[in-house]
Structures are given as C-alpha cells and as structure tokens.
Amino acid sequence: MKLPQKLMLLGSGELGKEVVIAAKRLGNYVIAVDRYANAPAMQVADCCEVISMLSGDDLERIVLKHQPNYIIPEIEAIRTEKLMEFEQRGITVIPTAKATDYTMNRDRIRELAHQELGIRTAKYAYATTLDEMIKVSQAIGFPNVVKPVMSSSGKGQSLVNHADEVEKAWNYAIEGSRGDTQKIIVEEFINFDIEITLLTIKQWNAPTIFCSPIGHRQERGDYQESWQPAEISNSQVIEAQSIAKKVTDALGGAGIFGVEFFITKNEVIFSELSPRPHDTGMVTIISQNLNEFELHLRAVLGLPIPNIEQLGASASAVILATENSDSIAYEGVAEALSEPNIDLRLFGKPDSRPFRRMGVALAKGSDIAEAREKAKKAADKVKIVNQ
Ligand SMILES: Nc1ncnc2c1ncn2[C@@H]1O[C@H](COP(=O)(O)OP(=O)(O)OP(=O)(O)O)[C@@H](O)[C@H]1O
Ligand SMILES: NCC(=O)N[C@@H]1O[C@H](COP(=O)([O-])[O-])[C@@H](O)[C@H]1O
Ligand SMILES: [Mg+2]
C-alpha cells in the first residue's frame, strides 16, 4: 500500500480533528464532512463537505465526487445502511459497516454482547411506550438508568430513583432520542467503584493490542475528566481485555475502539463501546508515545504499531461553554499554560451552547491525584467568552 490514501471522515468534531492531524502528518488526503461549516476537523483537512450524514443521497453524492479509499465514521448519527452499500462496492468502512450499525443502536450492541457472547452487563429491558416502561422499571428495580436506544454523550439519559419519576424520564428520553424510533432502555444502576475506557486496537494483519486503562468521571452522562493509568488491578485489566477482544472480534475490521466498563469490587461489567477514538481517550495526547488518533490511523492503514508506551500519571479535564454564542473567544489561556507539564486543545467550534465541550486541558503529574488536580485547575482557568 502506498501513501497518500484518500480518507473521508464522517463527523468533524474534536476527535476527528486529531485524526486528521495524524493523517496529514503521514501525508494523506482528507475530506472532512459534517452537518455544519467550519467544524474542527474541517479546519485542518484538505477539503470539506457540509451535508446531512443521515441522508443516503447526500452521502452518495460526496462519495461519487471524491472517491475515497477509506470512510472513517467519527460520530454515530450516520445512515449506516448506506455505509454497508459503500462497503459492498469496495470502499473500506472503518472498522466495518456492521460495527457502525450495531454501535449506534444500544439494543443491537447489547444483544450481541449479552445474548450472543454471554458477557456480563447491567440488567436491562426495553420499552416502546410509557406503559411498558412502567412495567419494566418495576422488574429492573430502582434506582435505574434510562436512555434512548439511539443517542450519545448522555442525551436523553436520566437516573430514576422512584416509580413516580418514570414518566419524566420517559419524556426526557423521547426528547433526547435520535432518529424516528421511540425505544428506550432501562438499565440496573451499577454502583461502580470506577468506570474505565479500555482503548482496544484491532489490526488487519496483527494481533489486537490495548492501551493502559483510562479512568473517567461523568456528569449528565457526559465525560468531565479522564486519567491514565486507571487504578484497577491486573486481574481486572486482564478480564476487561478478554471481554473487549470478544466484542471487537465479533464486530470485525480494523481501528481503535473505546470499550467502556464499570468496575466493582467483584466484577468487570461491560457497558458499551465506540468503534472509533473515545472522548475520554483525549488524555492519550499527553500520556502516550502514540495517541489514540495516531493509533487509529495506523490501524486503519495497516501500518505497524511496534510499541505503545504509557508515559506516566496523566489526566484530561474538559472546558465547557456556559452560554449560547456564535462568536467564540477563549480567555485565560496564558494563565492555564503557566504551569509545567500542561497542554490545551481548543477545538475551534464556531458556536457554543451551555455544556458544549469547547476544549480540553491535559496534564502530567507525579501521581494520578496530582495530574487530575492540575488538569482541572488549568481547564477552570479557560473561559469561553464572546469575541
Ligand atoms: N447502568 C448504569 N449504571 C450506572 N451508571 C451508568 C449506567 N449507564 C450509564 N451510566 C453513567 O452514564 C454515563 C453515560 O452512559 P453511556 O456511556 O451509556 O451513554 P452515552 O450517551 O453512550 O455516552 P457516550 O456517547 O459519551 O459514551 C456512563 O459513562 C456512566 O457514568
Ligand atoms: N461522546 C462522543 C464524542 O465526544 N464525540 C465528539 O464530539 C463531537 C460532537 O460535538 P458537538 O456535539 O459539540 O458538535 C463529535 O464530532 C466527536 O468529535
Ligand atoms: Mg459511553
């Protein structure tokens, strides 16, 4: 295989931006695609397209126009049936069209993991009406976690403590649901000690390899801070690796996967996975010799990954917007960068809304506690303001 290759990135947010940077560093040609103009990855790609990625016709048009060798999905909300068609026509879809289809539907990936592969997950049930949800909630018990089957980054997700909160959670889930399905999943609430992402690299012609586990903390179903290495035991790492291998083997193809687990004293419980770089994996920009985006690119192109080196206690903390604005500026950048072993990624999103992730602070420390504190302090210094 010769470089450059022509890569089409479907989704052009902060994760895609780093994938493009990795691809461009090796001289590739990248077409960045998203639903809005001037998205982060578009700012560093060779060219861009603004389309609805849920429209098969729009996807067809740009694939015919650009003739990519690889299609690399960066978000979940894509017309996945169309990806299957592209794959049949000989374009490589990363990791596979099937993987993108399974993982955008919580029920499909859950059935694969739990029913087909026999992997331990939280107890769960589905509902398509409020009446059904009332019934299944009783069966699962309280507290439980309710999510639309199609959503990401915590959209439509809520914790339900009592029967009298079920209706509110149903309405919230339906509002936050993507696509036209009115289906929700009710999950047993897992009172975990820590939750982790195990970055799993599946290669075309080499064994599956893993990064050191990443610990993270979430609020509103969305990631706030992450750190590496996560404080879990060797046997927990080995168990998580074996589950991640099972699930990713079933999905096939090549690329990086972010496999999420809840860790309790006695159990390693599979939650879900992203068939692409994971937001909590942004910590690897500072914590590894090859970050998750470079690893993804190498796996996609079948390039060797001789070693992944973990560089010591590291952390990331998100920088969130507080208001709606369409002329963004960042304040406090110099203050944030004034300490040693701190770095920032400011994504360059053209507009903001409350809680939208606009940047991330990265830190190294002498231990995890110090790295987390430094990353959080740096993130807090950066303010998203009007230009
Ligand atoms: N059954 C559960 N028990 C306890 N906490 C849960 C449960 N399900 C989800 N959570 C919490 O909510 C977070 C988000 O859930 P999940 O990963 O399923 O949502 P998501 O919308 O797919 O998020 P993302 O797209 O960012 O990965 C989890 O990381 C965890 O902190
Ligand atoms: N958990 C998934 C995730 O973190 N995805 C990342 O967020 C972007 C969307 O951000 P936006 O909603 O601010 O446009 C996506 O494009 C991807 O980079
Ligand atoms: Mg998740």
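Residues numbered from 1 in each chain as written. Chains lettered and ligands numbered in written order. Predicted model: local features only at pLDDT ≥ 70, side-chain atom pairs only at ≥ 80, totals over all residues. Heavy atoms only, no water.

1. Considering the packing of aromatic side chains
Under the definition given, this model contains three aromatic pairs. On the basis of an interplanar angle of 5° and a centroid distance of 5.1 Å, the ring pair of F192 and F262 is categorised as stacked. Highlighted residues: F192 in the loop between β9 (184-188) and β10 (194-202) and F262 in strand β14 (residues 255-263), separated in sequence by 70 residues. Overall, F192 belongs to the partly exposed group, its relative accessible area being 29%. Against the face of Y124 rests R110, its NZ or CZ located 5.1 Å from the ring centre. Lying across the ring of W227, R372 places its NZ or CZ 3.8 Å from the centre. (Phe/Tyr/Trp six-rings, centres within 6.5 Å; stacked < 30°, edge-to-face > 60°. Helix = DSSP H or I, 4+ residues; strand = E, 2+ residues; numbered from the N terminus. Buried < 20%, exposed > 50% of the residue type's maximum accessible area, 1.4 Å probe, protein only. Lys NZ or Arg CZ within 6 Å of the ring centre and 35° of its normal.)

2. A short note on the UniProt feature "binding site: N(1)-(5-phospho-beta-D-ribosyl)glycinamide" (unreviewed entry) in the chain
Per the UniProt record, "binding site: N(1)-(5-phospho-beta-D-ribosyl)glycinamide" (unreviewed entry) is annotated on E14, L15, E74, D279, K349, R356 and R357. Among the secondary structure elements, E74 is positioned in the loop between β4 (70-73) and α3 (80-88). For E74, a relative accessible area of 11% corresponds to the buried category. In this view, E74 contacts L9, L10, G11, S12, G13, E14, L15, G16 and R276; residues no more than four positions away in its chain are not counted. In this structure, R357 sits in strand β19 (residues 357-364). Taking the relative accessible area as the measure of exposure, R357 reaches 9% and is therefore buried. Those residues in contact with R357 that sit more than four places away from it in its chain are E14, D222, Y223, D279, M282, V318, I319, L320, F347 and K349. Separated by 2.8 Å, the side chains of R357 and D279 make a polar contact. (UniProt positions renumbered as here; feature names shortened; annotations may be inferred. Contact = heavy atoms within 4.5 Å. Polar contact = N/O pair within 3.5 Å; in protein donor to acceptor, adjacent residues only side chain to side chain.)

3. As for the pattern of salt bridges
Taken as a whole, this structure holds 31 salt bridges when the rule is applied. Residue R89 pairs with E60 through a salt bridge whose shortest N-O separation is 3.0 Å. Taken together, the positions of R89 in the loop between α3 and β5 (92-93) and E60 in helix α2 (residues 56-66) put the pair 29 residues apart, joining distant regions of the chain. Overall, the relative accessible area of 43% leaves R89 in the partly exposed class. E225 is the partner of R372 in a salt bridge, and the nearest nitrogen-oxygen pair spans 2.9 Å. Pair noted here: R372 is in helix α12 (residues 368-381) and E225 is in strand β13 (residues 222-228), with a separation of 147 residues, a long-range link. (Salt bridge = Lys/Arg side-chain N within 4 Å of Asp/Glu carboxyl O.)

4. Section: the packing of helix α6 (residues 130-140) against helix α7 (residues 166-175)
In contact at an axis separation of 10 Å, α6 and α7 are set at 125° when each is read in the N-to-C sense. Classified by the angle their axes make, α6 and α7 are oblique. Judged by the sense of rotation from one axis to the other, the crossing of α6 with α7 is right-handed. Between α6 and α7, the contacting residues are L130, M133, I134 and S137 on the first element and V166, E167, A169 and W170 on the second. The residue inventory of the contact of α6 with α7, partitioned by class, reads six nonpolar, one polar and one charged. (Axes fitted to C-alpha atoms, helices over the stretch in contact; angles between N-to-C directions. Parallel < 35°, antiparallel > 145°, perpendicular 65-115°, else oblique. Left-handed = near helix turned anticlockwise from the far one by under 90°. Nonpolar A, V, L, I, M, F, W, Y, C, P; charged D, E, K, R; others polar.)

5. A short note on the domain arrangement of the chain
Domain annotation for the chain reports domain 1 (6-93), domain 2 (123-188) and domain 3 (194-386). The centre of domain 2, based on its C-alpha atoms, is set 27 Å off from the matching centre of domain 3. (Domains from an automatic or database assignment.)

6. A word on the site of ligand 2
For ligand 2, the full set of nearby residues is G13, E14, L15, R35, E74, I75, S153, D279, K349, R353, R356 and R357. Between ligand 2 and the protein, one listed contact pairs an oxygen atom with a side-chain N or O atom of E74 at 2.4 Å. At a separation of 2.7 Å, an oxygen atom of ligand 2 approaches a polar side-chain atom of R356. Protein contact buries 80% of the 450 Å² of open area that ligand 2 shows by itself. Of the residues contributing to the shell around ligand 2, the split by class is two nonpolar, two polar and eight charged. Structurally, the shell around ligand 2 is a two-domain feature, drawing no fewer than three residues from each of domain 1 (6-93) and domain 3 (194-386). (Near = heavy atom within 4 Å. Areas by Shrake-Rupley, 256 points an atom, 1.4 Å probe, with all protein chains shown as cover.)

7. Here we look at the sheet that holds β9
Pairing within the open sheet is antiparallel, and its four strands lie in the order β6-β9-β7-β8. Two strands lie at the open edges of the sheet, namely β6 (124-127) and β8 (158-160), each paired on one side alone. Across this sheet, the average inter-strand angle for adjacent strands is 30°, counted without regard to direction. Across the sheet, helix α5 (residues 106-116) is in contact with β6, β7 (144-148) and β9; its angle to β6 comes to roughly 150°. Across the sheet, α6 touches β6, β7 and β9, and the angle it forms with β6 is around 170°. (Pairing = 2+ DSSP bridges.)

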